[in-house]
Amino acid sequence: MAPPMSADRFLDALKDEGVTVVEVGDWKHHNRNHKGPWGPVHGVMIHHTATSGSERTVEICRDGHPSLPGPLCHGVITKDGCVHLVGYGRANHAGLGDDEVLRAVIAEKRLPPDNESNTDGNRHFYGFECENLGDGEDPWPDAQLDTIERVSAAICRVHGWTERSVIGHLEWQPGKVDPRGFTMDEMRERVEERLK
């Protein structure tokens, strides 16, 4: 069981991994903690936004929308490879997912198929939304993929986790397809190399 890093330690970890960070407003205190606990944390979850335009994407992820209040993640990874920090603490990103997947993440084993939604993921995962239409056609620039690798490795490094603690939303919650356009197995290989 791992308590979440402090916001300052989180920021330092990203910078130490060579990530370009943009701090958006009072991100360190912007969260949904009044709706439930934040932690223990067990992994990093990667999403795509199904939006285009960095400024608009960051705004949506910070503020949310009428049916889902923000923050919708901890950091937004834009196409240029910058991470825009929009919240810290409980965030509306993971939703309900599969308890067997969570157990596999904790044990750092191969993930089983996600076939139920019975466990609160917002409590247990750091979340990064990545600017992409998610249609399988919108490109993933090298700078953006590099940053996904770096933020994942940064968090794993602090907590002593392996690449097995990095998952996609599609591996957590039935019916989700994100991130679409690269595979999480490919990304985990990249994280594994970076952690060596």
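The rules we used
- Residues numbered from 1 in each chain as written.
- Predicted model: local features only at pLDDT ≥ 70, side-chain atom pairs only at ≥ 80, totals over all residues.
- Heavy atoms only, no water.
- Salt bridge = Lys/Arg side-chain N within 4 Å of Asp/Glu carboxyl O.
- Buried < 20%, exposed > 50% of the residue type's maximum accessible area, 1.4 Å probe, protein only.
- Helix = DSSP H or I, 4+ residues; strand = E, 2+ residues; numbered from the N terminus.
- 1 Å grid on protein atoms, 1.4 Å probe; cavity = no way out; pocket = protein on both sides within 12 Å on 5 of 7 lines; lining within 4 Å.
- Points joined across faces, edges and corners; volume = space filled by probe spheres on them.
- Nonpolar A, V, L, I, M, F, W, Y, C, P; charged D, E, K, R; others polar.
- Phe/Tyr/Trp six-rings, centres within 6.5 Å; stacked < 30°, edge-to-face > 60°.
- Pairing = 2+ DSSP bridges.
- Axes fitted to C-alpha atoms, helices over the stretch in contact; angles between N-to-C directions.
- Contact = heavy atoms within 4.5 Å.

1. Some thoughts on the pattern of salt bridges
Consideration 1: For the structure on display, the rule yields 14 salt bridges.
Consideration 2: Between Asp 63 and Arg 62 there is a salt bridge, with the nearest N and O atoms lying 3.3 Å from each other.
Consideration 3: According to the relative accessible area criterion, Asp 63 is partly exposed, its value standing at 43%.
Consideration 4: For Arg 62, a relative accessible area of 22% puts it in the partly exposed group.
Consideration 5: One salt bridge in this structure joins Asp 146 and Arg 194, with 3.9 Å as the shortest N-O distance. Placement of Asp 146 in helix H4 (residues 142–159) and of Arg 194 in helix H5 (residues 184–195) is noted, with a sequence separation of 48 residues between them.

2. Structural notes on the layout of surface pockets
Consideration 1: Of the voids in this model, the largest pocket is the one considered here, and its volume is about 410 Å³.
Consideration 2: If you list the elements that add at least two residues to the lining of the largest pocket, you get strand S2 (43–48) and helix H2 (54–63).
Consideration 3: The class makeup of the residues in the lining of the largest pocket is seven nonpolar, 12 polar and three charged.

3. Thoughts on the packing of aromatic side chains
Consideration 1: Scanning all chains against the criterion turns up 10 aromatic pairs.
Consideration 2: The interplanar angle of 50° and the centroid separation of 6.3 Å between the aromatic rings of Phe 10 and Trp 27 together place this pair among those described as tilted. Of this pair, Phe 10 sits in helix H1 (residues 7–16) while Trp 27 sits in the loop between strand S1 (20–23) and S2; the two residues are 17 residues apart in sequence, bridging distant segments of the chain.
Consideration 3: The exposure class assigned to Phe 10 is buried, which follows from its relative accessible area of 0%.
Consideration 4: Residue class for Trp 27 comes out buried when judged on its relative accessible area of 1%.

4. Overview of the pairing of strand S9 (residues 125–130)
Consideration 1: Counted residue by residue, S9 has six buried out of six residues, so it is predominantly covered.
Consideration 2: Every second residue of S9 is oriented toward a common face, with Phe 125, Gly 127 and Glu 129 on one face and Tyr 126, Phe 128 and Cys 130 on the other, all of them buried.
Consideration 3: Looking at chain direction, S2 and S9 are connected through six bridges and run parallel. Looking across to S9, one finds that Gly 43 is bridged to Phe 125.
Consideration 4: Bridge count for strand S5 (residues 75–77) against S9 is three bridges, and the pairing is parallel. Across the sheet, residue Val 76 finds its bridge partner in S9, namely Glu 129.

5. Overview of the environment of Gly 175
Consideration 1: Within the secondary structure, Gly 175 sits in the loop between strand S10 (166–168) and H5.
Consideration 2: A relative accessible area of 75% places Gly 175 in the exposed class.
Consideration 3: When the C-alpha atoms of Gly 175 and Arg 123 are compared, they prove to be 20 Å apart, with 52 residues separating the residues in sequence.

6. What to know about the sheet that holds S9
Consideration 1: Read across the open sheet, the six strands follow the order S1-S6-S5-S9-S2-S10; overall the sheet is mixed. Whereas interior strands pair on both sides, the edge strands pair on one side only; in this sheet they are S1 and S10. Strand-to-strand twist across the sheet, computed as the mean angle between neighbouring axes with direction ignored, equals 30°.
Consideration 2: Against the sheet, H5 engages S2 and S10, with an angle of about 160° to S10.

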